[in-house]
Amino acid sequence: MRGLGRSAAGSGGTGEGSEDVGPSRAAPVADGVGFLAVSAAVAGLAALALFLSGCGAGGTGARDEGPAHADSVAGATSSPSVFPSSTPDRVNAVKLVKADPQVSAEVKRELKPCVADEYPVDVSYGDLTGSSADDVVVNVLTCGDAVGVGSYVYREEGGRYQNVFKAEEPPVYAEIDRGDLVVTKQVYEEGDPVSSPSGENVITYRWASDRFVEKYRIRNDYSSAVGPDASPTQSG
């Protein structure tokens, strides 16, 4: 019964009822605290989202920095060094051969333009004789089948080129190989077509005592079982 009286008194605004007001007033405070807690949680989530967004942006930024990093590396890379060109002075091989008294008249007759002003000559430059200037190797060919009819080596002496080697037994071809002069002479036997020699002699010359001296000679025999002119052999 006393409880009911307190309830009635509380409703009537007595002093004992005022004690019950405290909890009722605390409820709004609790609601305020809850609101603040929710607000703080929302703010925390917003801050977390912003942080994650910043990390994502940072990742993009790191990727965007790639080209800039490449540019800085490229800028740090030194430019290639430039060295003086070692390209030898070109000579007029056709004029050189035609003015050479050691070249046979037959080879000079073969030395004529094939197309327009294009002459059938191969020219190589290199050190064969130890001269201060590059030596010049000239091969004169035929226009039709490019067969070598003459090979010559010219050495600069006193500002002029002098003939120090010649080979005019066709087919012949001369090359520079690691400081040596290598001359290849194809060997034909009776009945061999021009396109299919029976073999070749490869002769290596080396400069000694102001002349070329033979050092090696190799003979290569070609097989007649291969090539455009070969035909299968039938056995009974």
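This one's a predicted model, so the numbers in the text were calculated from it and none came from an experiment. Starting from 1, residues in each chain are numbered consecutively following that chain's sequence as written. Predicted model: local features are reported for residues with pLDDT of at least 70 only, side-chain atom pairs are reported and counted for 80 or more only, and whole-chain, interface and lining totals are derived from all residues. Excluded from the side-chain calculations are hydrogens and water; all other atoms, namely the structure's heavy atoms, are used.

### Examining unusual backbone geometry
Under the convention used in this document: Secondary structure elements are defined from DSSP: runs of H or I of at least 4 residues count as helices, runs of E of at least 2 residues count as strands, and each element is numbered from the N terminus. A 1.4 Å probe rolled over the protein chains alone gives each residue an accessible area, and that area as a share of the maximum for its type sets the label: buried under 20%, exposed over 50%, partly exposed in between.
A cis amide bond links Pro-170 with the next residue in sequence, Pro-171, at an omega value of -10°. The residue Pro-171 is located in the loop between strand 4 (160-167) and strand 5 (172-177) in this model. Located in the positive-phi region is Arg-178, a residue other than glycine, with phi close to 50°. Relative to the helices and strands, Arg-178 resides in the loop between strand 5 and strand 6 (180-187). Judged by relative accessible area, which is 77%, Arg-178 ranks as exposed. One non-glycine residue, Asp-210, adopts positive backbone phi at about 65°. On the secondary structure map, Asp-210 appears in the loop between strand 7 (199-208) and strand 8 (211-221). Taking relative accessible area as the criterion, Asp-210 reaches 64% and is therefore assigned exposed.

### Side note on the sheet that holds strand 5
Applied cut-off: Any two strands with at least two DSSP-identified bridges between them are counted as paired. Axes here mean lines fitted to C-alpha atoms, for a helix over just the part in contact, with angles spanning 0 to 180 degrees between N-to-C directions.
In spatial order, the strands read 5-6-7-8; together these 4 strands make up an open sheet with antiparallel pairing. For this open sheet the edge positions go to strand 5 and strand 8, each flanked by a neighbour on one side alone. Between one strand and the next, the sheet's axes are offset by a mean angle of 25°, whatever the strand orientation. Relative to strand 6, strand 5 runs antiparallel, the two sharing 6 bridges. Opposite Val-172, over in strand 6, you have Lys-185 as the bridge partner.

### Some thoughts on the state of the cysteines
How we decide: The disulfide criterion is simple: two cysteine sulfur atoms within 2.5 Å.
Counted according to the given criterion, the structure contains 1 disulfide. Disulfide partner of Cys-114: Cys-143, at an S-S distance of 1.9 Å. The S-S bond linking Cys-114 to Cys-143 shows a torsion near -90°; that makes this disulfide left-handed. In this pair, Cys-114 sits in the loop between helix 4 (105-110) and strand 1 (121-126) while Cys-143 sits in the loop between strand 2 (135-141) and strand 3 (148-157), placing the two residues 29 residues apart along the sequence. Its relative accessible area of 37% is what places Cys-114 among the partly exposed residues.

### Topic: the nonpolar core
Going by this rule: For the purposes of this section, nonpolar cores are sets of buried Ala, Val, Leu, Ile, Met, Phe, Trp, Tyr and Cys residues that join through side-chain atoms within 4.5 Å. Here, two residues are considered to be in contact whenever any of their heavy atoms come within 4.5 Å of each other.
In this structure, Val-97, Val-138, Val-140 and Tyr-154 are the most contacted members of the largest nonpolar core, which totals 14 residues. Elements with a contribution of two residues or more to this core: helix 3 (93-98), strand 2 and strand 3. Take this core: its biggest share by element is 4 residues, from helix 3. Here Tyr-154 is in contact with Leu-96, Val-97, Asp-100, Val-103, Asp-135, Val-136, Val-138, Tyr-161, Gln-162 and Asn-163, once residues within four sequence places are set aside.

### Focus: the confidence of the model for the protein
What counts, and what does not: Every residue is assigned a pLDDT by the predictor, reflecting its confidence on a scale from 0 to 100.
With 58% of its residues at a pLDDT of at least 70, the protein reaches an overall mean of 73. Across residues 50-86 the pLDDT falls below 50, and counting only partners more than four positions away or on other chains, this stretch makes 0 contacts in the model.

### Topic: the pairing of strand 6
Where burial is concerned, most of strand 6 is hidden: 6 out of the 8 residues are buried. As paired strands, strand 6 and strand 7 are joined by 7 bridges and run antiparallel to one another. Of the residues in strand 7, the one forming a bridge with Thr-184 is Val-202.

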